[in-house]
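Letter by letter, the chains look like this.
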Amino acid sequence: MKSITRKISIKGENYNNFVESLVVTIEDTENEIISEFELFDDWMGKYEHIIELGKSMPLIAEQYKTEDRLIKGCQSRVWLHSEFKNGKVVFAADSDAIITKGLVALVIRVLSNHMPDEIINAKMEFINTIGLKEHLSPTRSNGLVNMIKQMKLDALAYKAKN
């Protein structure tokens, strides 16, 4: 069997450049979330969207719902698990509160499946842009900050190991 290799052109670029452009950055995901939230006229709609995001989030395996994986400073219980796969940090989580589950789903959507440096340096500007912090209770807002802090600490630990 004879192997044939061809350069594939897509709009004047070679295939490798096209594939690289398909990589979704943290900023791309943040902008996507900002656009989603702009579709809602009020915060009731935004809260419903957050709840739906929580319902669709892949949950942490029961074996990882342990005390050492609980996020400190949250109003409700939030378990966060991370793994290092193919040079990227992958997060999974769960919460016993529907709003909090949606919040952690948003953060996981932005930070999961990225290299440690990308996670560590993420600005997370979408939180302020969509007005999330000002519409959360102080304890929920503190919990959100602690979720992000823990995810960045996990990324830092994976960076140090590899």
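Refer to the structure printed above.
Residues numbered from 1 in each chain as written. Predicted model: local features only at pLDDT ≥ 70, side-chain atom pairs only at ≥ 80, totals over all residues. Heavy atoms only, no water.

J.: Report on the nonpolar core, specifying residues and quantitative values.
T.: Counting 39 residues, the largest nonpolar core has L111, M124, F126 and L132 as its most contacted members. Per-element tally for this core: the top contributor is helix α4 (residues 98–111), with nine residues. Not counting the four nearest positions on each side in its chain, M124 is found in contact with E30, V107, V110, L111 and I148. (Core = buried A, V, L, I, M, F, W, Y, C linked by side-chain atoms within 4.5 Å. Buried < 20%, exposed > 50% of the residue type's maximum accessible area, 1.4 Å probe, protein only. Helix = DSSP H or I, 4+ residues; strand = E, 2+ residues; numbered from the N terminus. Contact = heavy atoms within 4.5 Å.)

J.: Give a detailed account of the pattern of salt bridges, specifying residues and quantitative values.
T.: Inspection of the entire model under this criterion finds eight salt bridges. Across the pair D94 and K65 runs a salt bridge whose closest N-O atoms are separated by 2.8 Å. Of this pair, D94 sits in strand β4 (residues 88–95) while K65 sits in the loop between α3 (43–56) and β3 (78–85), and the two are 29 residues apart along the sequence. What makes D94 buried here is its relative accessible area of 5%. We note a salt bridge from K85 to E83, for which the minimum N-O separation is 3.4 Å. Looking at E83, the relative accessible area reads 28%, which means it is partly exposed. Taken together, the shared-partner salt bridges in this structure form one network comprising E62, K65, D94 and K101. (Salt bridge = Lys/Arg side-chain N within 4 Å of Asp/Glu carboxyl O.)

Coordinates in, geometry out; function isn't part of it.
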